[in-house]
Amino acid sequence: MTRIPREPKGMGKRPDKTGRSSRAPAVEPLNIQHGALPSREVILRFIADHPQKASKRELAKAFGLKGDSRVELKHLLRDLEQEGMLQKTRKSLIRPGALPPVTVLDITTRDKDGGLIGRPAEWSDEMGVAPAVSIRQSSSPAGRNGKGKAPVAGMGDRILAKIFAATDRGGPAYTARIIKILDKRRGALLGVFKDAPGGGGRLLPIERRGEEMLIDPDDKGDAKDGDLVEVEVARLRSFGLPRAKVLSIVGSVASEKAISMIAIHAHGIPYIFPPAVVAEADDAKPATMSHREDWRDVPLITIDPADAKDHDDAVYAEHDPSPDNEGGVIVTVAIADVSYYVRPNSPLDREALKRGNSVYFPDRVVPMLPERISNDLCSLREGQDRPALAVRMTFSKEGRKAGHTFHRVMMKSAAKLSYQQAQAAIDGNPDDKAGPLLEPILKPLWHAYEVMKRGRERRQPLELDMPERKIQLKPDGTVDRVVVPPRLDAHKLIEEMMIQANVAAAETLEKKKQPLIYRVHDGPSLSKQEILREFLATLGITLAKGGNMRANNFNGILAKAEDTPHQTMVNEMVLRSQSQAIYSPENIGHFGLNLMKYAHFTSPIRRYADLIVHRALVGSLGFGEGGITPDEEAALDDIAAEISTFERRAMAAERETVDRLIAHHLAGRIGEEFDGRVGGVTKSGLFVALPDYGADGFVPISTLGMDYFIYDEAHQALSGEKTGLGYRLGDSVTVKLVEAIPLAGALRFEMVSEGRKMPTAVRSFHKGGRRDASRARKQAGTRPPRGRR
């Protein structure tokens, strides 16, 4: 299976957190004067109290603003963004640190009246204590789209919820309406059981902020020392440790797959297919030729990782014979026709939506669809008939797309190659399998890629240089080594062809006026641009002001930093300035790829968004069975929010698993020194990345030395007040490992390298005091970094 195309590295990663409180003091109701531009304070209060109405349009409507007043409102909101007082999301504006309008919550406790209280499932330590949310249990019998029963949640459930600002004083900061229940977790917590004298035991937490619990002998069940177990809190005590009861045994923590199982359970990722889903998959029959073109003679091939078990895309290219397109090429991309087998509202479909996407761990894959579908009926196996949706795209010799057509086909893959096989053949070292394919198939593919590259270079997507590391495991499931796989032209060829197929899907559906789910990526907020601008200024690099930034503006910055000591640091900061790519039925374009129309179409085996796009194409183009339904079209907002959330869930689980594996790997090397790089600077210390291991650890600010260290966000530095010595983002350092907590995936370092002399700008910032620094900035015409006001 080809796990691309992907946005420029980092587009799907979690955004930086601001660390601000999401709860404002209770104040009197707003006194809104209709038709008059409100004050800054009134705007901020209104957004806090009405997050569901926090768009420019809704604000103008609420305050009755028209004409010039609407323009003034736009400027006021832009100023608040630049000052870090507001953040821009896909549809609205929020206060920094506030919960987004749709959030995954874990129901953890009850209030004094017995009402359910939840907290956000994903919340960074840097943001402080996660806000409490009061859960509304709907009295309406109607569920989504007015059909079925409204979901009723209980203790321990994980839910997807619509968030509202609380109106009552003294209670939680938010209330929430349940959209759907994601996981019935029975109040379960995950931890490692350790025997204790007397027949009972203790639960060691797997969360960094978790606490130990006592387990009585009668409550431990069959748990043995070292077992990974699920427990429920039996009772809390006013002093001492809380007590817990074992609910189930996940397995031995020493087992080969325990590390990924921790992440699976901690994030509530469904990993066992219900019997009805397995039965439907097992009963599925091969697709017929109904409504299909016979493309079995087209020599499409798959190019995938060497260890891929399923193949959802195949490619072929040829010269365009048309005299009107001299030098042009025709590129064909065929994608597994999952929509034929996974029909709307079937058990397979409901389970696929519940998962949202496949989740990839170093030791296993948690698939979105059962193997009968993903690895058999829908996998484009070499030499076997398989149903597909195909797009045939024509490009001019300059790399401009001249047109495209979609087809529902029956194909037969001519060959299965790995990236390395295909690249070696092009480089003059073909093996027995790739050799016969070189002239008729591979060389035309590479020629087509050279043509398409001209269009890509003209488009100028964001080109971040962030190497991806891959963990290689030993047979026992422990870490063998961490490698950076080479980025081959074979990878880039498949990526560009998939991107263009995704563009074609969005264009066709828009032309048909068919509702769909786009893959959107908003541009950087003005406040993040300002932080980046101030940081770059410390390196003598200028970033132009203005809200109309393009990806090539950032490429220019990256080019200036190339082959300098600041290259890695600048790439990191540009990445942090970017928004997060999400799914949405409303199109705002894709900033990172510099595309106006973009929808995921090429990986329906592993992404639910692609399955929706396939159904939309089948329905709008009259391709027969498996098209999108009116109920699905009406629910696209909710579906997009859900799968965006599940994507973040998968990324967090994958990241935490890597952290735990590396912590296990290094646990026996306490006291050793490692070469690292400062990968993050916070008020409380430094995050130091170990390039050889793809993980990072923390150096608390209290351990840096006898000096008083001050955090400077603009310069991304910690600087000693007396000595002027400090550390900046990107600095190469040597650290000593002093603690490793494998279950939590945490490493703690001690700094060995002496701090370097900070640039004059950093030192003057501290010597003059914050007031003098603020005055200097004002005279220079720059704003303070976000969080300073």
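Keep in mind that this is a model prediction, so the values were computed, not measured.

Parameters and conventions
Residues numbered from 1 in each chain as written. Predicted model: local features only at pLDDT ≥ 70, side-chain atom pairs only at ≥ 80, totals over all residues. Heavy atoms only, no water. Helix = DSSP H or I, 4+ residues; strand = E, 2+ residues; numbered from the N terminus. Buried < 20%, exposed > 50% of the residue type's maximum accessible area, 1.4 Å probe, protein only. Contact = heavy atoms within 4.5 Å. Areas by Shrake-Rupley, 256 points an atom, 1.4 Å probe, with all protein chains shown as cover. Salt bridge = Lys/Arg side-chain N within 4 Å of Asp/Glu carboxyl O. Core = buried A, V, L, I, M, F, W, Y, C linked by side-chain atoms within 4.5 Å. Pairing = 2+ DSSP bridges. Phe/Tyr/Trp six-rings, centres within 6.5 Å; stacked < 30°, edge-to-face > 60°. Polar contact = N/O pair within 3.5 Å; in protein donor to acceptor, adjacent residues only side chain to side chain. Expected span 1.5 Å × (residues − 1). Axes fitted to C-alpha atoms, helices over the stretch in contact; angles between N-to-C directions. Parallel < 35°, antiparallel > 145°, perpendicular 65-115°, else oblique. Nonpolar A, V, L, I, M, F, W, Y, C, P; charged D, E, K, R; others polar. pLDDT = per-residue confidence, 0-100.

On a plain count of helices and strands, the protein comes out with 18 helices and 34 strands. Burial status across the protein gives 53% buried among its 789 residues. Within the protein, contacts between residues separated by at least 24 positions form 68% of all contacts whose residues are at least 6 apart in sequence. For the protein, the exposed surface amounts to about 35200 Å²; the carbon and sulfur share of it is 49%.

Evaluation of the coordinates by the stated rule reveals 36 salt bridges. The partner of arginine 386 in a salt bridge is aspartate 376, and the shortest N-O contact between them spans 3.4 Å. One end of the pair, arginine 386, is in strand S19 (residues 385-395); the other, aspartate 376, is in helix H7 (residues 371-377), with ten residues separating them in the sequence. Taking relative accessible area as the criterion, arginine 386 reaches 9% and is therefore assigned buried. Put simply, Asp294, Arg296, Asp385 and Lys412 are held in one network by salt bridges that share partners.

Let us now look at the nonpolar core. Side chains of a nonpolar character, in soluble globular proteins, are inclined to be buried together. Counting residues in hydrophobic clusters, the biggest one holds 52 residues, and the most contacted among them are Val574, Leu686, Val735 and Met751. In this structure valine 574 touches Leu462, Leu464, Leu532, Phe554, Ile557 and Leu558, once residues within four positions along its chain are discounted. Of all hydrophobic cores here, the second largest spans 51 residues; its members include Ile301, Met393, Ala425 and Leu488.

Sheet architecture is open: four strands sit in the order S29-S30-S31-S34, paired in antiparallel fashion. Each edge of the open sheet is held by one strand with a lone partner, namely strand S29 (709-712) and strand S34 (756-757). In this structure, S29 lies alongside strand S30 (residues 717-720), joined through four bridges in antiparallel fashion. For tyrosine 711, the partnering residue across the bridge sits in S30 and is leucine 718.

With that settled, the discussion passes to the packing of aromatic side chains. If you walk through the whole model with that rule in mind, you get five aromatic pairs. On the basis of an interplanar angle of 90° and a centroid distance of 5.5 Å, the ring pair of phenylalanine 406 and phenylalanine 601 is categorised as edge-to-face. Residue phenylalanine 406 is found in strand S20 (residues 401-412), and its partner phenylalanine 601 is found in the loop between strand S25 (582-584) and helix H14 (608-620); the two are separated by 195 residues along the sequence. Residues phenylalanine 406 and phenylalanine 601 agree in their burial class; the two are buried.

Attention shifts here to the pairing of strand S32 (residues 732-741). With five bridges joining them, strand S26 (residues 673-682) and S32 adopt antiparallel strand pairing. By the bridge assignment for S32, phenylalanine 674 is matched with valine 735. Two elements, S32 and strand S33 (residues 746-751), share six bridges in a ladder whose sense is antiparallel. Paired with leucine 737 across the bridge in S33 is phenylalanine 749. Counted between consecutive antiparallel strands, the loop separating S32 from S33 contains four residues, among which glycine 745 sits at a positive phi close to 70°.

Another point: the pairing of strand S15 (residues 313-319). For S15, the buried fraction is high: five of the seven residues fall into the buried class. The sheet contact formed by S15 and strand S16 (residues 329-336) spans seven bridges and is antiparallel. Directly across from alanine 314, in S16, lies its bridge partner alanine 334.

The next subject is the side chain of serine 413. Mapped onto the elements, serine 413 comes out in the loop between S20 and strand S21 (415-418). Looking at serine 413, its side chain comes within polar contact range of the main-chain oxygen of alanine 415, at 3.1 Å. The residues touching serine 413, leaving out its near neighbours within four places in the chain, are Leu300, Ile301, Thr302, Leu380, Arg381, Glu382, Gly383 and Gln384.

Turning our eyes to something else, we now look at unusual backbone geometry. Excluding glycine, most residues fall at negative phi; most peptide bonds, likewise, are trans. The phi dihedral of histidine 291 falls on the positive side, at around 60°, and the residue is not glycine. Within the secondary structure, histidine 291 sits in the loop between helix H5 (275-283) and strand S13 (293-294). For aspartate 563, which is not glycine, the phi dihedral falls at a positive 65°. With respect to the helices and strands, aspartate 563 occurs in the loop between helix H12 (551-561) and helix H13 (567-577). Owing to a relative accessible area of 71%, aspartate 563 belongs among the exposed residues under this scheme.

The element helix H4 (residues 258-266) is extensively covered by neighbouring structure, given that nine of its nine residues are classed as buried. Every buried residue belonging to H4 is among Ala258, Ile259, Ser260, Met261, Ile262, Ala263, Ile264, His265 and Ala266, and all of these are buried. At the C-terminal side of H4, glycine 268 shows a positive phi close to 65°.

With respect to the helices and strands, asparagine 571 occurs in helix H13. With 13 residues separating them in the primary sequence, asparagine 571 and leucine 558 have C-alpha atoms 6.7 Å apart. When near neighbours in sequence (up to four residues on either side) are disregarded, asparagine 571 contacts Leu464, Asp465, Met466 and Leu558. Side-chain polar atoms of asparagine 571 contact the backbone oxygen of glutamine 567, separated by 2.9 Å.

Next up on the list: helix H9 (residues 438-459). With 22 residues, H9 should cover 32 Å at 1.5 Å per step; its first-to-last C-alpha distance of 30 Å lies within 8% of that length. Within the sequence span of H9, burial applies to Leu438, Ile441, Leu442, Leu445, Trp446, Ala448, Tyr449, Val451, Met452, Gly455, Arg456 and Arg459. The first or second residue beyond H9 is glutamine 460, which carries a positive phi of 55°.

Two numbers describe how H14 lies on helix H16 (residues 636-666): the axes approach to 10 Å, and their chain directions differ by 150°. Relative to H16, the element H14 lies roughly antiparallel. Packed against H14, whose contacting residues are Tyr608, Ala609 and Ile612, the element H16 presents Leu636, Ile639 and Ile643 at the interface. Residues of the contact of H14 with H16, tallied by class, amount to six nonpolar, no polar and no charged.

Let's shift gears to the environment of aspartate 431. Inspection of the secondary structure puts aspartate 431 in the loop between helix H8 (419-426) and H9. Sequence separation of aspartate 431 and glutamine 421 is ten residues, and the distance between their C-alpha atoms is 7.2 Å.

Note that histidine 614 resides in helix H14. Other than its neighbours up to four places away in sequence, histidine 614 contacts Ile335, Ala336, Ser339, Leu389, Phe601 and Pro604.

All right, on to the environment of arginine 392 then. Within the fold, arginine 392 resides in strand S19. Judged by its relative accessible area of 29%, arginine 392 is partly exposed. Counting along the chain gives 58 residues from arginine 392 to alanine 334, while the straight-line C-alpha distance between them is 8.6 Å. Ignoring any residue separated from it by four or fewer positions in sequence, one finds arginine 392 in contact with Trp295, Ile330, Val331, Thr332, Gly403, His404, Thr405 and His407.

What follows deals with the confidence of the model for the protein. Looking at the protein, the pLDDT average stands at 83 and 82% of residues meet or exceed 70. In the model, residues 139-148 has pLDDT below 50 throughout and makes 19 contacts with residues more than four positions away in sequence or in other chains.

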